[in-house]
Amino acid sequence: MDQQPIFEYKDESQAERIARKSKDSPFMILGIMGCIGVCAVGAYKYKNRGQMSTSVFLMQLRVAAQGTAVAALTMGLAYSLAERYLFKSDKKPE
């Protein structure tokens, strides 16, 4: 019995992998960039947190970063569902 491998394994650099992932799901890259942006703003605002304890500040920062990533992935899911079901074309999927 001749079996074909499920996955194609090849050597791929990190830059090639990121480029492929960004073409496959651009909202994932948007979520990662949003998460990094929230963390950068949080690091900048850390010294001006006032009387807030460090643990509470970091907890709020974590929630904001996760919320940004989840929002981007949800937008991507909504876009793909709308493209598939609302804006149907007569072309068959490849």
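Notes on the structure in this doc start here. (Residues numbered from 1 in each chain as written. Predicted model: local features only at pLDDT ≥ 70, side-chain atom pairs only at ≥ 80, totals over all residues. Heavy atoms only, no water.)

### Concerning helix H2 (residues 26–45)
Given a rise of 1.5 Å per residue, 20 residues ought to cover 28 Å, and the 29 Å separating the end C-alpha atoms of H2 matches this to within 8%. The complete set of buried residues in H2 reads Gly-31, Val-38 and Gly-42. Seen along its axis, H2 keeps its buried residues to an arc of 35°; they face one direction. More than 90 degrees from the buried face of H2, the exposed residues found are Met-33, Ala-43 and Tyr-44. Of the surrounding secondary structure, the elements contacted by the buried residues of H2 are helix H3 (54–86). (Helix = DSSP H or I, 4+ residues; strand = E, 2+ residues; numbered from the N terminus. Expected span 1.5 Å × (residues − 1). Buried < 20%, exposed > 50% of the residue type's maximum accessible area, 1.4 Å probe, protein only. Arc of directions from axis to C-beta. Contact = heavy atoms within 4.5 Å.)

### So, a nonpolar patch on the surface
A contiguous nonpolar surface patch, about 300 Å² in accessible area, is contributed by Ile-32, Met-33 and Ile-36. Structurally, Ile-32 is set in helix H2. (Patch = residues over 30% accessible without salt bridge, like charges linked within 9 Å, V, L, I, M, F, W, Y side chains within 5 Å. Areas by Shrake-Rupley, 256 points an atom, 1.4 Å probe, with all protein chains shown as cover. Salt bridge = Lys/Arg side-chain N within 4 Å of Asp/Glu carboxyl O.)

### Some points on the packing of H2 against H3
Taken N-terminus to C-terminus, the directions of H2 and H3 make an angle of 160°; their axes are 8 Å apart at the nearest point. What the angle tells us is that H2 and H3 run roughly antiparallel. Crossing of H2 over H3 shows right-handed handedness. Counting all contacts with H2, which are made through Phe-27, Met-28, Leu-30, Gly-31, Gly-34, Cys-35, Val-38, Cys-39, Gly-42 and Lys-45, the residues of H3 involved are Phe-57, Leu-61, Ala-64, Ala-65, Thr-68, Ala-69, Ala-72, Leu-73, Met-75, Gly-76 and Tyr-79. (Axes fitted to C-alpha atoms, helices over the stretch in contact; angles between N-to-C directions. Parallel < 35°, antiparallel > 145°, perpendicular 65-115°, else oblique. Left-handed = near helix turned anticlockwise from the far one by under 90°.)

### A word on the packing of aromatic side chains
By the definition in use, this model includes two aromatic pairs. Centre to centre, the rings of Phe-27 and Tyr-79 are 6.0 Å apart; their planes meet at 45°, and the pair counts as tilted. Placement of Phe-27 in helix H2 and of Tyr-79 in helix H3 is noted, with a sequence separation of 52 residues between them. Accessibility expressed as a relative area gives 25% for Phe-27, which makes it partly exposed. (Phe/Tyr/Trp six-rings, centres within 6.5 Å; stacked < 30°, edge-to-face > 60°.)

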